[in-house]
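These are the residues of each chain, in order.
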Amino acid sequence: GFHLLLDKARNPEMALLEETILEKKIKWIHQYHNIHIVSQSKFLLNYSKNSKTFENYPHYYIPNSVDLEIFKPHDKTSAKKMFYLPTEKKIVLFFNTKGFHKGSDIVFECIRTTTFKNIHFFALGDPVNTEIPNVSFIKSTSDERL
């Protein structure tokens, strides 16, 4: 879903998808009580504490330990071309697993039941259902450049 506060305003065509996922996420998450929230930033920690999804769970702050010299933003057009993705569309990346724990089943359900004209979905993992339009797959990789 949206990762930045301004994403909803910048991507109004994705608002329906975001609302559908959020409703399902809240319903699913509130079934469990032994959940702990860990954030790499104090800003996100406070945002999570004040969200209706996670407000009742314990929160912890652990600073980022990712090497930002390796994992950094790249030119969007070049990155899209590298993976043969449409350059004129917004790309939604998600992790495709055969289990439900990453939520790919919810994403596929939303893609199947909603029309997205300016969005292309990019799934990291083995293809599960290649008949779904607007989805590309790439198997997992250990290549840090990719």
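From a predicted model like this one, the values you see are computed outputs, not experimental measurements. (Residues numbered from 1 in each chain as written. Predicted model: local features only at pLDDT ≥ 70, side-chain atom pairs only at ≥ 80, totals over all residues. Heavy atoms only, no water.)

Regarding the overall build of the chain
Working step 1: A tally of regular secondary structure across the chain gives five helices and five strands.
Working step 2: When the helices and strands of the chain are listed from N to C terminus, the series reads α-α-β-α-β-α-β-α-β-β.
Working step 3: Projected onto the principal axes, the alpha-carbon positions of the chain cover approximately 40 × 40 × 30 Å.
Working step 4: Considering only residue pairs separated by 6 or more positions, the chain has 46% of its internal contacts joining residues 24 or more positions apart.
Working step 5: Entry remark: accessible area of the chain is about 10800 Å², with carbon and sulfur atoms responsible for 56%.
Working step 6: Computing the positive centroid from 20 side-chain charges and the negative centroid from 16, the chain places the two 2 Å apart. (Helix = DSSP H or I, 4+ residues; strand = E, 2+ residues; numbered from the N terminus. Contact = heavy atoms within 4.5 Å. Areas by Shrake-Rupley, 256 points an atom, 1.4 Å probe, with all protein chains shown as cover. Lys, Arg positive; Asp, Glu negative; His and termini not counted. Charge placed at Lys NZ, Arg CZ, Asp CG, Glu CD.)

Section: the packing of aromatic side chains
Working step 1: Counted under the stated rule, the structure contains six aromatic pairs.
Working step 2: Considering the side-chain rings of W28 and Y32, the 5.0 Å spacing of their centres and the 55° angle between planes classify their relative orientation as tilted.
Working step 3: Arranged with centres 5.4 Å apart and planes meeting at 85°, the rings of F94 and F108 form a pair that is edge-to-face. Of this pair, F94 sits in strand 3 (residues 90-95) while F108 sits in helix 5 (residues 104-113), and the two are 14 residues apart along the sequence.
Working step 4: In this structure F108 comes out as buried when scored by relative accessible area, which is 6%.
Working step 5: Aromatic rings pair up to connect F94, F108 and F137 into one cluster. (Phe/Tyr/Trp six-rings, centres within 6.5 Å; stacked < 30°, edge-to-face > 60°. Buried < 20%, exposed > 50% of the residue type's maximum accessible area, 1.4 Å probe, protein only.)

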